[in-house]
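What follows is the residue order along each chain.
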Amino acid sequence: MKHNAEAEACDLLMEIERLDLLDEFVDENCYPRVCLYLLSCVPYVPEPDDTKLLTSALGLFRKFKKYPEALRCALQLNDMKLIKDIFFTCEDSAVRKQLAFMLGRQQVFLDLEDSELEDSTELTEIISNSHLNSNFLALARELDIMDAKEPDDIYKTHLDPQRPHFTGQVDSAKQNLANSFVNGFVNAAFGQDKLMAENGSKWLHKNKERGMLSAAASLGMILLWDVEGGLSQIDKYLYSGDDNIKAGALLACGIVNSGVRNECDPALALLSDYVLHASLPMRIGAVLGLGLAYSGSNREDVLSLLLPVLTDSKSDMEVTGVTALACGLISVGSCNDEVTSNLLSTLIEKTEAELKDPYAKYLALGLGLNFLSCGEKAEAVLESVKVLPEPMKSISEVLIDVCAYAGSGNVLKVQHLLHICSEHIDENKDNNNEKDKKDKSKDKKGDEKKEDEIQSSAHQAMAVLGIALIAMGEEIGVEMSFRTLGHLLRYGEPVIKRAVPLALALVSVSNPRLNVLDTLSKFSHDNDPLVSYNSIFAMGVVGAGTNNARLAAMLRQLAQYYVKDPNGLFLVRMSQGMAHLGKGTMTMTPYHSDKMLMNRVAVAGLLATTVAFLDIKTTILGKSHYLLYCLVSSIQPRMLVTFDEELNPLQVTVRVGQAVDVVGQAGKPKTITGFQTHTTPVLLAYGERAELATDEYIPLTPILEGFVILRKNPNAS
């Protein structure tokens, strides 16, 4: 240690499995480098060792009273006892507020009512994210983007070449539906828009049946996170005569509460009466609304409301699927026993015909989300799904296994999934699995065969998504998966081919890299319409909230290409809305805190939507386009806001640039490159890092993103 060979010392101790010796040898000067090295090794070591590394880094941080750093390790370990322990041992009230901001961003809720902390009400407010809306609007005013935008401002229709001979029906229901979604995405959280605000009911009636549901729910997007003011604006639609509009209003109530806690529980109070309502759209609205409002909270009172819906005689497969999804969202990553047993028994009771329904996948997905990144804890459930009939058995096995290792970068799992993808499913002999990739000349005998074939190989599509889910945690894994997915696109069966664009989207959410965009752009003109539809949606996810000019140009060209295909056009519009999410101030990426922490709620939302796209004809282009609102749980502002210790906004200069990996370098290397200097609040793009440009203040956390509290520097020059 004295010879500045920290990395070698750590390697040696890892080899002899005595990381506990570090405590004696690490002093004040070298602990940052030791911990940085330990943390950067985490993605590359096998299962039990990664937790050991995290725990030793955590111990060192606590020894030197670095609570924010220790909390990051505890959050990555997902150990509630440790999190509470760190939070309550921290003496300094300003640092405690900073910890509260970190917990709020990761959507981990601590109950502080019984604690003896003098500022417990303020801390509870921070952890429950109730300040999110006001801070976001402050940023919007600062950037001068408060004016509401119309969908046409996004499509830039005036730039299209005029077609005098083409006069189709302009005001189609499909286009209006697209406009509702785009309007919601673009004005998300701004609280004002031009379609719904002025005469909302008139706009709603331009949509058909289920379209009204989604259109009414878009109001929830516009008022996102604004619990106090938002619900009163939605309230008038709850008394509408139309069941679909009412259902949409219920869903909107849930969306507004997404990621924000409120002690009065408005969502629970409003939605609980409708969960077993006679009309099915109302059920769907209420159930999905509860799922989004309490995602990640694992609250028993909410789950006890939802679980009876699974077994209720009036629920059709769609309602059952959505309920399973909502339960999965609420109990995400908590291994909740009640959810597990209820979903399993529902799966086992269904008939084989019912399990072939596209919505049956959501029962398996709900189980998977319950075990999201829990690793080996999911083994018992994997055993119990083996009793199900095919194709459900393999779908459930793949989904649960994939969710359990999401973001872990586990190479063995990826290898296993690739084996699944390379099986060639033979139509005549079901048991004869030839691992033959090259046999592509298959004659299609009628549509029924095709449907059955898609059902019997649906688990392969899940496996493709799984590769992306497991690899998205670390850079090298992402690069390798990009290549693997390219092979699958070229040589895979049609089922696999359709899932690859979605997998590409999961690997680079809100990170519009050129190679990904080019691949997707190529396949958005594919002969198989389902491949191209999925590619179009994937382009939206990859550029979500980035305002990427290149992507916007690509999508405008696509809009002209699909001018006669209403479904294609609908998806192009959707992607345009996502690319301009919140006028370019938001992100959907589940990783934050320098890409170290994975927000499980965000992963769950992304996964729920991508699974819906595997049956795009029945879900997104059919009746269940409201499943797109699952993306709400992954939407976060990509901003850096600085406060003083009393939580008043503070303007300081920061440098923002591309993050550089400095592990194991000598001296004090620069952590960012090619920076520009801005005054906070600022927007941070994917892979960017910020550092203070003045030595007047000291940040209370080393990672400058989200909400950061600054303290006056006593020795400022």
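Residues numbered from 1 in each chain as written. Predicted model: local features only at pLDDT ≥ 70, side-chain atom pairs only at ≥ 80, totals over all residues. Heavy atoms only, no water.

1. With respect to the sheet that holds strand β8 (residues 682–683)
Remark on secondary structure: sheet strands pair via backbone hydrogen bonds, oriented parallel or antiparallel.
Thinking step 1. Spatially, four strands are ordered β8-β5-β11-β10 in an open sheet, and the strand pairing comes out mixed. Only two strands of the sheet have a single neighbouring strand rather than two, namely β8 and β10 (697–699).
Thinking step 2. As defined by bridge partners, β10 adjoins strand β11 (residues 706–712) across three bridges and the pair is classed as antiparallel. What sits directly across from Tyr 697, in β11, is Lys 712.
Thinking step 3. Docked against the sheet, helix α7 (residues 93–106) engages β5 (639–643) and β11, running at close to 170° with respect to β11.
Thinking step 4. Where helix α9 (residues 132–143) meets the sheet, it contacts β5, β8 and β11, and its direction lies at approximately 105° from that of β5. (Pairing = 2+ DSSP bridges. Helix = DSSP H or I, 4+ residues; strand = E, 2+ residues; numbered from the N terminus. Contact = heavy atoms within 4.5 Å. Axes fitted to C-alpha atoms, helices over the stretch in contact; angles between N-to-C directions.)

2. Quick look at the pairing of strand β6 (residues 653–659)
Thinking step 1. Inspection of the sheet shows β6 paired to strand β7 (residues 672–679) by six bridges, in the antiparallel sense. The residue of β7 that forms the bridge with Val 654 is His 678.
Thinking step 2. Here β6 pairs with strand β9 (residues 688–692) via five bridges, running antiparallel. When the sheet's bridge partners are listed, Arg 655 is paired in β9 with Glu 691.

3. Considering a nonpolar patch on the surface
Thinking step 1. A contiguous nonpolar surface patch, about 330 Å² in accessible area, is contributed by Tyr 44, Ile 476 and Met 480.
Thinking step 2. Relative to the helices and strands, Ile 476 resides in helix α28 (residues 475–491).
Thinking step 3. Ile 476 gets classed as partly exposed once you look at its relative accessible area, which sits at 45%. (Patch = residues over 30% accessible without salt bridge, like charges linked within 9 Å, V, L, I, M, F, W, Y side chains within 5 Å. Areas by Shrake-Rupley, 256 points an atom, 1.4 Å probe, with all protein chains shown as cover. Salt bridge = Lys/Arg side-chain N within 4 Å of Asp/Glu carboxyl O. Buried < 20%, exposed > 50% of the residue type's maximum accessible area, 1.4 Å probe, protein only.)

4. Notes on the packing of aromatic side chains
Thinking step 1. Evaluated as defined, the whole model comprises twelve aromatic pairs.
Thinking step 2. Ring geometry for Phe 101 versus Phe 643: centroids 5.6 Å apart, planes at 15°, classification stacked. Of this pair, Phe 101 sits in helix α7 while Phe 643 sits in strand β5, and the two are 542 residues apart along the sequence. The same class applies to Phe 101 and to Phe 643, which are both buried.
Thinking step 3. Where Phe 136 meets Phe 190, the ring centres are 5.4 Å apart and the plane angle is 65°; that geometry is what we call edge-to-face. Linking Phe 136 in helix α9 with Phe 190 in the loop between α11 (173–186) and α12 (196–204), this pair joins segments that are 54 residues apart in sequence.
Thinking step 4. The class for Phe 136 is buried, based on a relative accessible area of 1%. (Phe/Tyr/Trp six-rings, centres within 6.5 Å; stacked < 30°, edge-to-face > 60°.)

5. Overview of the nonpolar core
Thinking step 1. Counting residues in hydrophobic clusters, the biggest one holds 242 residues, and the most contacted among them are Phe 87, Leu 325 and Tyr 629.
Thinking step 2. When neighbours within four sequence positions are excluded, Tyr 629 is seen to be in contact with Phe 181, Ser 214, Ala 217, Ser 218, Met 221, Leu 251, Ile 255 and Leu 292.
Thinking step 3. One finds Val 652, Val 656, Leu 692 and Val 708 within the second-largest nonpolar core, a separate group that totals 13 residues. (Core = buried A, V, L, I, M, F, W, Y, C linked by side-chain atoms within 4.5 Å.)

6. Things to note about unusual backbone geometry
Thinking step 1. Here the bond from Glu 390 into Pro 391 is cis, since omega is -5°, no more than 30 degrees from zero.
Thinking step 2. Among the secondary structure elements, Pro 391 is positioned in the loop between α23 (379–384) and α24 (392–404).
Thinking step 3. Cis geometry is found at the peptide bond from Thr 680 to Pro 681, where omega equals 0°.
Thinking step 4. Considering the arrangement of structural elements, one finds Pro 681 in the loop between β7 and β8.
Thinking step 5. Positive phi is not limited to glycine here, since Gln 107 has a value of about 60°.
Thinking step 6. Here Gln 107 is to be found in the loop between α7 and α8 (120–127).

7. Notes on helix α19 (residues 317–330)
Thinking step 1. Compared with an ideal rise of 1.5 Å per residue, which puts 14 residues at 20 Å, α19 spans 20 Å between its outermost C-alpha atoms and is within 8% of the ideal.
Thinking step 2. In terms of residue burial, α19 counts as a mostly covered element, since 14 of its 14 residues are buried. (Expected span 1.5 Å × (residues − 1).)

8. Thoughts on the packing of helix α17 (residues 280–293) against α19
Thinking step 1. Here α17 crosses α19 at 10°, and the two axes come no closer than 8 Å. Comparing the axis directions of α17 and α19 gives the class roughly parallel. Residue-level inspection shows Leu 280, Arg 283, Ile 284, Val 287, Leu 288, Leu 290, Gly 291 and Leu 292 of α17 in contact with α19, the latter providing Glu 318, Val 319, Val 322, Thr 323, Leu 325, Ala 326, Leu 329 and Ile 330.
Thinking step 2. Grouping the constituent residues of the contact of α17 with α19 by class yields twelve nonpolar, two polar and two charged. (Parallel < 35°, antiparallel > 145°, perpendicular 65-115°, else oblique. Nonpolar A, V, L, I, M, F, W, Y, C, P; charged D, E, K, R; others polar.)

9. What about a negative patch on the surface?
Thinking step 1. A grouping of Asp 111, Glu 113, Asp 114, Glu 125, Glu 228 and Glu 263 is seen on the molecular surface, where their side chains present a negatively charged patch.
Thinking step 2. Tracing the backbone shows Glu 125 in helix α8. (Lys, Arg positive; Asp, Glu negative; His and termini not counted. Charge placed at Lys NZ, Arg CZ, Asp CG, Glu CD.)

10. Structural notes on the sheet that holds β7
Thinking step 1. Sheet architecture is open: three strands sit in the order β7-β6-β9, paired in antiparallel fashion. At either margin of the open sheet sits one strand with a lone partner, and together these are β7 and β9. Neighbour-to-neighbour, the strand axes of this sheet turn through a mean angle of 30°, independent of strand direction.

11. Considering the confidence of the model for the protein
Thinking step 1. Put simply, the protein has an average pLDDT of 85, and 93% of its residues get 70 or more.
Thinking step 2. Within the protein, the element-level pLDDT minimum falls on helix α26 (residues 446–456), averaging 53, and the maximum on helix α31 (residues 529–542), averaging 94.
Thinking step 3. Note that pLDDT drops below 50 for residues 164–169; the model gives that stretch two contacts with residues more than four away or on any other chain. (pLDDT = per-residue confidence, 0-100.)

12. Side note on empty space enclosed by the protein
Thinking step 1. Across all of its chains, the model carries five cavities of 30 Å³ or more by this definition.
Thinking step 2. When its volume is computed, the largest cavity comes out at roughly 110 Å³.
Thinking step 3. What lines the largest cavity is a set of 13 residues, among which Gln 107, Ile 127, Asn 129, Gly 259 and Arg 261 lie closest to the centre.
Thinking step 4. Taken together, the residues of the lining of the largest cavity break down into six nonpolar, six polar and one charged. (1 Å grid on protein atoms, 1.4 Å probe; cavity = no way out; pocket = protein on both sides within 12 Å on 5 of 7 lines; lining within 4 Å. Points joined across faces, edges and corners; volume = space filled by probe spheres on them.)

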